[in-house]
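Given next are the chains, with one letter for each unit.
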Amino acid sequence: MSVVPEASSLVPGLPLAVGDATRPLAAGVAGEVSLGTFLAQVRGVAALLPEGRHAINLCEDRYRFLVAFCAVALRGQVNLLPSSRAEAVVSDVAQRYPHSYCIADAAACEVPGAVPEGSFVLPRVLPEIDGDMPMLGAEQLVAIGFTSGSTGVPGANLKTWGSFVTSTAQDLAALQDLWGDAQPSLVATVPSQHMYGMEMAVLMPLLGAATLQTGKPFFPQDVAVALAQVPAPRLLVTTPVHLKVLVESGVALPPLAGIVTATAPLPQPLAAAAEQQFATEVREMFGSTETCIFARRRTAQDEAWQLLPGVRLMPQPDGTLVHAPHLAAPVLLADLVELQPEGRFLLRGRRADLLEIAGKRASLADLTRRLQAVDGVQDAVVVQLAPEPGHAVGRIAALVVAPQREEADILHDLRALMDPVFLPRRLRKVDALPRNETGKLPRDAVMALLLRH
């Protein structure tokens, strides 16, 4: 077997990873994997990959995803990162990029249907090829991440290796004080295909000299077991939805250097409860698929966000322009902000999130928080429907998870919490909201549930 040529071998590049070859890159039930062994497996898999410009990376095993991601990049191909493994989502990505193939785990049940022919399954035993540290060009396109579709059609976001290297340095600036000079161990509950998972569970082990726990824990006890498999200092990477489950379960976790959360707003009471229960700091990160992480806060104590070094925000009528060292050009986000001194800012909702009915104003995010605060409500979301014929403003509707409450009783309690003009005209109880793996709510799934009832 010949050594695969590296994608950027003819031009100066950036290393694929940092640290000594003997440092532990990953750890789990099967023991530790050194950086040197990992890189040998990346070269080995890269030599086996089929021809193609793009690889739809569907690997579920966290370590094998890491190997596949780097092998695809080393081969000079681009990782496509769909927001879920749902057949319709994967099919949409495949149609957008016709010269692509799927790459999956050997342990994967079945690659979703309607995908390109020639899909590649990682061998059970990963081949190894020795060599020097792989180098990638700073401008090499290594990944295309897709938004979740929570506000409409999923968008494609191109990521170069240089931008990932710079954004990882930003993430280290936001987090490294939690563990100091020691090498941290990361346990993540978020999928690697999501940009937050990519930053924390793929790039941080590679470029932040962290050890990745190779599992994908879901239930609270699974999280505790995964944390126990790696040495301190330990960092738990999760979401508000998962953190709420952990707090309510009462599970005991090994000592933590910190808990990191993102993908959805973290309620201050939940952050405070988690800090008290797990005796650690909960640090919330702010970013997007378009921008990667660019701000942080300790939600239990602060409402304002702190920008990371070199980041600037410029408020616009329809959102906020983000300038950051890892962005080739400013990115416009839909979020509205209020700037404060010393690189701090407050979130003020989104332009599309703001409502004006009968001369009164509110935001869907605030209305959702008020509904979630009703006694007995476990989860909820408030949306605005499209205007009906002859009407200029769409009606307000809501989905709610509240097994012990009746819809009429929920509305009765809600009247005390919001102006009557914003009360949902259609409120439907459901067993669960259609959240994806990161806790987001794709708008089409919400609308489908509202129309079904």
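Scroll up to find the structure.
Heads up: these notes are all about the structure in this document. Please read these numbers as outputs of a predicted model, since none were measured by experiment. (Residues numbered from 1 in each chain as written. Predicted model: local features only at pLDDT ≥ 70, side-chain atom pairs only at ≥ 80, totals over all residues. Heavy atoms only, no water.)

Let us look at the nonpolar core. One broad trend across soluble globular proteins is that nonpolar side chains are buried collectively. In terms of nonpolar packing, the biggest core is built from 79 residues, with F38, F69, W161, F164, L175, L206 and F294 touching the most fellow members. Core analysis: the second largest hydrophobic core is formed by 22 residues, A226, L246, L270 and V282 among them. (Core = buried A, V, L, I, M, F, W, Y, C linked by side-chain atoms within 4.5 Å. Buried < 20%, exposed > 50% of the residue type's maximum accessible area, 1.4 Å probe, protein only.)

What follows is about helix α10 (residues 407–414). Of the residues making up α10, those classed as buried are I410, L411 and L414. All buried residues of α10 fall inside an arc of 95 degrees around its axis, so they share one side. Of the residues in α10, the exposed ones pointing more than 90 degrees away from the buried face are A408 and H412. Taken together, the buried residues of α10 touch α9 (364–372), β26 (396–401) and β27 (426–429). (Helix = DSSP H or I, 4+ residues; strand = E, 2+ residues; numbered from the N terminus. Arc of directions from axis to C-beta. Contact = heavy atoms within 4.5 Å.)

Note: most peptide bonds trans; most residues except glycine with negative phi. Here the bond from A232 into P233 is cis, since omega is 0 degrees, no more than 30 degrees from zero. With respect to the secondary-structure elements, P233 resides in the loop between α6 (220–228) and β13 (234–238). Despite not being glycine, C292 has its phi angle at roughly 60 degrees, a positive value. The phi dihedral of E342 falls on the positive side, at around 60 degrees, and the residue is not glycine. Residue placement: E342 occurs in the loop between β21 (335–340) and β22 (344–350).

Given two aromatic rings, their pairing is described by the distance between the two centres and the angle made by the two planes. For the structure on display, the rule yields eight aromatic pairs. Here Y97 and F146 contribute two aromatic rings whose centre-to-centre distance is 6.2 Å and whose plane-to-plane angle is 75 degrees, an arrangement assigned as edge-to-face. One end of the pair, Y97, is in the loop between α3 (87–96) and β6 (100–104); the other, F146, is in strand β9 (residues 141–146), with 49 residues separating them in the sequence. For Y97, a relative accessible area of 15% puts it in the buried group. Summarising the aromatic geometry, the rings of F286 and F294 are spaced 5.3 Å apart at their centres and angled 90 degrees between planes, so their arrangement reads as edge-to-face. By relative accessible area, which is 2% here, F294 ends up buried. Taken together, the ring pairs connect F286, F294, W305 and F345 into an aromatic cluster. (Phe/Tyr/Trp six-rings, centres within 6.5 Å; stacked < 30°, edge-to-face > 60°.)

Let us now look at the sheet that holds strand β20 (residues 331–333). Strand pairing in a sheet takes place through backbone hydrogen bonds and is either antiparallel or parallel in direction. Within the open sheet, the three strands sit side by side as β18-β19-β20. Their pairing is antiparallel. At either margin of the open sheet sits one strand with a lone partner, and together these are β18 (312–316) and β20. With direction set aside, neighbouring strand axes in the sheet form an average angle of 30 degrees. For β18 and strand β19 (residues 319–323), the ladder comprises five bridges, and the chain directions are antiparallel. Residue pairing for β19: P315 is matched across the bridge by T320. (Pairing = 2+ DSSP bridges. Axes fitted to C-alpha atoms, helices over the stretch in contact; angles between N-to-C directions.)

Turning next to the pairing of strand β25 (residues 379–384). Look at any regular strand and the pattern is simple: side chains alternate between the two faces of the sheet. Across the six residues of β25, five count as buried, placing the element largely inside the fold. One ladder, built from six bridges, connects β25 with β26; its direction is antiparallel. Its bridge partner being in β26, V382 is matched across the sheet by A398.

Right, let's get into the side chain of T289. Tracing the backbone shows T289 in the loop between β15 (282–286) and β16 (295–297). If sequence neighbours within four positions are ignored, T289 has contacts with G145, F146, T147, N157, K159 and M195.

We now examine the pattern of salt bridges. Using the criterion set out here, one finds 14 salt bridges in the structure. With a shortest N-O distance of 3.8 Å, K216 and E60 are connected by a salt bridge. A residue pair is termed long-range when its members are at least 10 positions apart, and K216 in the loop between β12 (211–213) and α6 and E60 in the loop between β4 (54–57) and α2 (62–74) qualify at 156 residues. Of the residues examined, E60 reaches a relative accessible area of 32% and is grouped as partly exposed. Between D366 and R369 there is a salt bridge, with its nearest N and O atoms 3.8 Å apart. Residue D366 and its partner R369 are both found in helix α9; the two are separated by three residues, about one turn of the helix. Through salt bridges with shared partners, one network takes in D177, E275, E281, R283 and R298. (Salt bridge = Lys/Arg side-chain N within 4 Å of Asp/Glu carboxyl O.)

What follows concerns the sheet that holds β25. Strand order in the open sheet formed by three strands is β25-β26-β27, with mixed pairing between adjacent strands. Two strands lie at the open edges of the sheet, namely β25 and β27, each paired on one side alone. Between one strand axis and the next, the sheet turns by 15 degrees as a mean value, whatever way the strands run. Of the pairings in the sheet, the one linking β26 to β27 comprises four bridges and is parallel in character. Residue pairing across strands places A397 opposite R426, the latter belonging to β27. Across the sheet, α10 is in contact with β26 and β27; its angle to β27 comes to roughly 125 degrees. Sheet contacts for helix α11 (residues 443–452): β25, β26 and β27; angle to β25, the most-contacted strand, approximately 90 degrees.

Every buried residue of α3 is listed here: V90, S91, V93 and A94. The buried residues of α3 all sit within an arc of 160 degrees when viewed along its axis, so they share a single face. Opposite its buried face, α3 presents the exposed residues A88 and Q95, each directed more than 90 degrees away. Residues of α3 that are buried in the fold lie against β4, β5 (78–81), β6 and β9.

Here we take up the state of the cysteines. This model, assessed by the stated rule, comprises zero disulfides. In this model C59 remains outside any disulfide bridge; the closest cysteine sulfur is found in C102, 10 Å from its own. Its relative accessible area of 1% is what places C59 among the buried residues. Summary of cysteine pairing: C70 is not part of a disulfide, and the nearest cysteine sulfur, belonging to C59, is at 12 Å. C70 sits in the buried class, given a relative accessible area of 0%. (Disulfide = S-S within 2.5 Å.)

All quantities given are derived from atomic positions and should not be read as evidence of function.
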